[in-house]
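Given next are the chains, with one letter for each unit.
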Amino acid sequence: MKAVSLPRDDGSIAAPPDQAVGRSKFVTDILPPLLSAVIGFGLWEGLVRYYAVAPYVLPAPSLVFVELIRNAHYLLTQLGWTVLAAASGVVLAIVLGVLAGALVGLSSTADRMLTPWLVVVHAVPKVVVAPLFLIWFGFGVQSEIFFVVTFTFFPIVVATITGLKSADPDVLQMVRSMGASRTQVLRKIMFPAALPIILSGIKLSISLAPVGAVIGEFVASNQGLGHLLIRAVGDMDTALAFAAVTLFSIFGVLLWRAAEFVEGRLLPWHPSQRG
Amino acid sequence: MAASVQPSVSGHANAAADKIVLSKVRKVYGGAAGAVEAISSVDLSLPEGQAVSIVGPSGCGKSTLMRLIAGLEAPSSGAITVDGRAVAGPLSDMSIVFQRDLLLDWRNVLDNVLLPAEIKGLNGPQSRQRAGELLKQFGVGDFSRHFPWQLSGGMRQRVAIARSLLPSPSLILMDEPFSALDAMTRDKMNVLLQEVQSASRVTTLLITHSILEAVFVADRVVVMSGRPGRIIDDIAVEFPRPRRLSLRETPEFTAIVGRIRQQFEKTGDLTE
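For the structure given in this document, a descriptive report is provided here. Position numbers for residues count from 1 along each chain, tracking the sequence in the order it is written. Think of it this way: whatever chain is written first is A, whatever ligand is written first is 1, and the rest follow in order. Local features are withheld for residues below a pLDDT of 70 in this predicted model, meaning they are given only at 70 or higher, and side-chain atom pairs are given and counted only at 80 or more; totals for whole chains, interfaces and linings count all residues. Hydrogens are left out, water is left out, and the side-chain values use all remaining heavy atoms of the structure.

**Looking at the pairing of strand S6 (residues 94-97) of chain B**
Residue and element names in this part refer to chain B. Basically, it comes down to this: Only protein chains enter the accessibility calculation, which uses a 1.4 Å probe; a residue is then buried when its area is under 20% of its type maximum, exposed when over 50%, and partly exposed in between. Where helices and strands are cited, they refer to DSSP runs of H or I of at least four residues and of E of at least two residues respectively, numbered from the N terminus. Should DSSP find at least two bridges between two strands, the strands are taken to pair.
Here S6 shows a buried face lined by Met-94 and Ile-96 and a second buried face lined by Ser-95 and Val-97. Relative to strand S7 (residues 171-175), S6 is paired through four bridges, and the arrangement is parallel. Residue pairing in the sheet places Met-94 in a bridge with Leu-171 of S7.

Right, dumping it as structure tokens:
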């Protein structure tokens, strides 16, 4: 073959013509997971039908799908409530977490006073104390939001503290030699250097938030997917519960992708984002 | 100790024209038990506009000397004055070029060069224009919108030097700025530095462990011994500027290089 790629004037290499790329990408990247899904769902459907498993024990995927379509409006409304609570909670957690992290990361006195508290409170399994929120904040969405805050606060605090300590000491010395003030050092060096780590903490919190919201709804709400799940299971409507779980999972994946997209936009320079 | 010093430059007899004066400067690190004397009693005067190289083996305290002059550290004893004033903290019209380029990953090339202007609150169109001109002069004008990770090591260090020149400093301190570069890039950077220095006549202090580099770029080479660092020779380098790399093959150049090497052989820094 005579396909030689020569460097152009700007130093880049011209891509060799390759029509096979489209097809081989389908064969290597798309076909295997597709095949795996067909086999997995096929086995599930086949086994449920062959052994005539009762739908309230394990519904067939086709039944879950039908249930998902039939109750689409209801499910989406409940998802909306969960998303609303999760979003309000995580926004609050981001504000509080970054502030607390900045306080601890920038002041050694605050570090010594607050860090022991953070360690102790963080060690408490959040799910275990969820019922207490009912006592503290009453039945309703406010309890749920506060629970999301406690559930998602710590990854952000830890990431902010770590991030603020990650600036290159030589760079800090250089900008001080340029005569930078403390605020300038913080704004121009420490915060941008911390941002990738803070964002990875926020990303983790965003993925935890819907879980926190659902747990909150199990305990203290008459709305949302968590409440729907409790009710569906109470009614032995397992297919509806599966439909809710499916919707919840799809939402989780979309949320993660959205967080990654935002991260890429904010950090085009970071090694993790360099194409 | 003082007997081994061979002052040969007469240009700094007039103290009024001296940019930097160090007298009996000594620096000791660590506590009473593990105290290490980095520099012992250094006397040195740098006249305004001179390009001076300090060459010495690693651990001879030459970087410490630079940090003392820059005001990043205080001497254990002795006095340092810049423009007749005692040094107490980083100087305002001084720039430092470090061994690592220390470019900020999240800023493009232009914004990296503009950093010192921003810090001084001078981020106007004039600064931007000057930054653009400097980048062009340094052969990286087409890369002002690129991010540091998209550049080679040599290009990154060019950007770092452009950044150091942006505020038009009256003093540039360079701490082994080219030691992380490959040999050919390093030669190119030596020529470039020598051109910039010839054109601007800004007082320059270059710390290096390369004898060739020290002689090629400077008007004067100060030779330091191994720890504790002290000055063992002080040589005037009076080749006309601008200089070309072929200068390094002339007998006069080789003679100076040989003299410095002999100093290190005498002190045992080049022998096992």
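**Some points on the interface of chain B and chain A**
Test applied: Contact definition: two residues touch when any of their heavy atoms are within 4.5 Å. Note on definitions: buried area is the accessible-area loss of two parts on being combined, 1.4 Å probe, summed for both. Should a side-chain nitrogen of Lys or Arg be within 4 Å of a carboxyl oxygen of Asp or Glu, the pair is scored as a salt bridge. Whenever two N or O atoms come within 3.5 Å, that pair is a polar contact, provided that in protein one can donate a hydrogen and the other can accept it, and provided that, for residues adjacent in sequence, both atoms are side-chain atoms. Amino acids outside the nonpolar list (Ala, Val, Leu, Ile, Met, Phe, Trp, Tyr, Cys, Pro) and the charged list (Asp, Glu, Lys, Arg) are all regarded as polar, and Gly is one of them.
Counting from both sides, the interface comprises 21 residues of chain B and, opposite them, 19 residues of chain A. Summed over both partners, the interface of chain B with chain A buries about 1800 Å², with 67% contributed by carbon and sulfur atoms. For the interface between chain B and chain A, the tally reads three salt bridges. Glu-118 of chain B is the salt-bridge partner of Lys-188 of chain A, the closest N and O atoms lying 2.8 Å from each other. Between the two partners, chain B and chain A, sit six residue pairs in polar contact (both at pLDDT 80 or more). Secondary structure elements with two or more residues in the side of chain B that touches chain A: S6 and helix H3 (115-119) of chain B. A per-element tally of the side of chain B that touches chain A places H3 of chain B first, with four residues. When its residues are assigned to classes, the side of chain B that touches chain A shows 14 nonpolar, no polar and seven charged.

**Looking at the pairing of strand S8 (residues 203-208) of chain B**
All names here are of chain B. We count it as follows: Looking down the strands as they point away from you, a crossover is right-handed if its path from the first strand over the helix to the second goes clockwise.
A large share of S8 lies buried, amounting to six of its six residues. Side chains Thr-203, Leu-205 and Ile-207 of S8 all project onto a buried face; the interleaved residues Thr-204, Leu-206 and Thr-208 project onto the opposite face, where all are buried too. The pairing of strand S3 (residues 51-55) with S8 spans five bridges and is parallel. By the bridge assignment, Val-52 is partnered in S8 with Leu-205. Summarising the sheet, S7 and S8 pair through five bridges and their orientation is parallel. In the sheet register, Asp-175 faces S8, and the bridge partner there is Ile-207. Tracing the backbone out of S7, into helix H6 (residues 183-200) and back to the parallel element S8 gives a crossover that is right-handed.

**Concerning the environment of Ala-209 of chain A**
All names here are of chain A. With respect to the helices, strands and loops of the structure, Ala-209 is situated in helix H8 (residues 182-220). On the basis of relative accessibility, which here comes to 3%, the residue Ala-209 falls in the buried class. Each C-alpha atom of the pair Ala-209 and Thr-150 lies 9.8 Å from the other, and the pair is 59 residues apart in sequence. Ignoring any residue separated from it by four or fewer positions in sequence, one finds Ala-209 in contact with Ala-86, Val-90, Val-148 and Thr-152.

**A few points about helix H2 (residues 61-70) of chain A**
Given 3.6 residues per turn, any residue in an α-helix points the same way as the ones three and four places further on. Residues and elements named next belong to chain A. Quick note on the threshold: This arc is taken over the directions from the axis of the helix to the C-beta atoms.
The complete set of buried residues in H2 reads Pro-61, Val-64, Glu-67 and Leu-68. Looking straight down H2, one finds its buried side chains confined to an arc of 120 degrees; they lie on one side. Away from its buried face by more than 90 degrees, H2 exposes Ile-69 and Arg-70.

**Some remarks on the sheet that holds strand S1 (residues 18-29) of chain B**
On the basis of which strands lie adjacent, the open sheet formed by four strands has the order S2-S1-S4-S5 (chain B) and antiparallel pairing. The open sheet has two edge strands with one neighbour each: strand S2 (36-47) and strand S5 (85-86) of chain B.

**Structural notes on the packing of helix H3 (residues 72-106) of chain A against H8 of chain A**
Residues and elements named next belong to chain A. What counts is decided by this rule: Working convention: axes come from line fits to C-alpha atoms, limited for helices to the stretch in contact. Angles between N-to-C directions cover 0 to 180 degrees. Note: crossing handedness is left-handed where the near helix turns anticlockwise from the far helix by less than a right angle, and right-handed where it turns clockwise.
Viewed as axis vectors pointing N to C, H3 and H8 meet at an angle of 145 degrees, and their least axial separation amounts to 8 Å. Pair H3 / H8 crosses with right-handed handedness. Listed contacts from H8 to Trp-81, Thr-82, Ala-86, Val-90, Ile-94, Val-98 and Leu-106 of H3 are Arg-182, Leu-186, Met-190, Ile-198, Ile-202, Ser-205, Ile-206, Ala-209, Pro-210, Ala-213, Val-214 and Glu-217. For the contact of H3 with H8, the per-class residue count stands at 15 nonpolar, two polar and two charged.

**What to know about H8 of chain A**
The criterion, for reference: In this analysis, the expected span of each helix is defined as 1.5 Å times one less than the number of residues it contains. Think of it this way: the bend at a residue is just the angle between two axes, each fitted to seven residues, one set ending at that residue and the other starting at it.
End to end, H8 of chain A covers just 46 Å across 39 residues, shorter than the expected 57 Å (1.5 Å per residue, more than 12% under). Largest kink in H8 of chain A: about 45 degrees, centred on Leu-195 of chain A, with the proline Pro-196 of chain A one to four residues after it.

**Quick notes on the pattern of salt bridges**
Here the structure, examined in full by the defined rule, presents 20 salt bridges over all chains. Of the charged contacts in the structure, one is a salt bridge between Arg-49 of chain A and Glu-45 of chain A, with a shortest N-O distance of 2.8 Å. Of this pair, Arg-49 of chain A and Glu-45 of chain A are both found in helix H1 (residues 20-50), four residues apart, which corresponds to roughly one turn of the helix. Judged by relative accessible area, Glu-45 of chain A falls into the buried class, the value being 16%. We note a salt bridge from Arg-70 of chain A to Glu-67 of chain A, for which the minimum N-O separation is 3.0 Å. You can see Arg-70 of chain A and its partner Glu-67 of chain A sitting in helix H2, three residues apart, about one turn around the helix. Given the relative accessible area of 6%, Glu-67 of chain A is considered buried. Put simply, Asp-168 and Asp-170 of chain A together with Arg-100 of chain B are held in one network by salt bridges that share partners.

**Observations regarding the packing of aromatic side chains**
Residues and elements named next belong to chain A. For clarity, the threshold we go by: For Phe, Tyr and Trp, rings pair up if their centres lie within 6.5 Å, where Trp contributes its six-membered ring, and each pair is then called stacked (planes under 30 degrees apart), edge-to-face (over 60) or tilted (otherwise).
Applying the stated criterion across every chain, the model contains eleven aromatic pairs over all chains. Ring centres 5.4 Å apart and planes at 90 degrees place the aromatic pair Phe-133 and Phe-147 in the edge-to-face group. Of this pair, Phe-133 sits in helix H5 (residues 126-137) while Phe-147 sits in helix H6 (residues 141-164); the two residues are 14 residues apart in sequence, bridging distant segments of the chain. A relative accessible area of 6% means that Phe-133 is categorised as buried. Put simply, the rings of Phe-133, Trp-136, Phe-137, Phe-146, Phe-147 and Phe-151 pair up and form one aromatic cluster.

**Some points on a nonpolar patch on the surface**
Residues and elements named next belong to chain A. Here is the rule: Nonpolar side chains (Val, Leu, Ile, Met, Phe, Trp, Tyr) within 5 Å and like charges within 9 Å form the patches, drawn only from residues with over 30% relative accessible area and no salt bridge. All accessible-area figures derive from a Shrake-Rupley calculation using a 1.4 Å probe, and residue coverage is judged against the displayed protein chains alone.
Taken together, the side chains of Leu-92, Leu-96, Leu-132, Ile-135, Trp-136, Phe-137 and Phe-146 define a hydrophobic patch exposed on the protein surface, amounting to about 670 Å² of accessible area. Put simply, the parts of the chain that give the nonpolar patch at least two residues each are H3 and H5. Sorting elements by how many residues they give to the nonpolar patch places H5 first, with four residues. Looking at the secondary structure, you find Leu-132 in helix H5. Among the residues examined, Leu-132 registers a relative accessible area of 34% and is labelled partly exposed.

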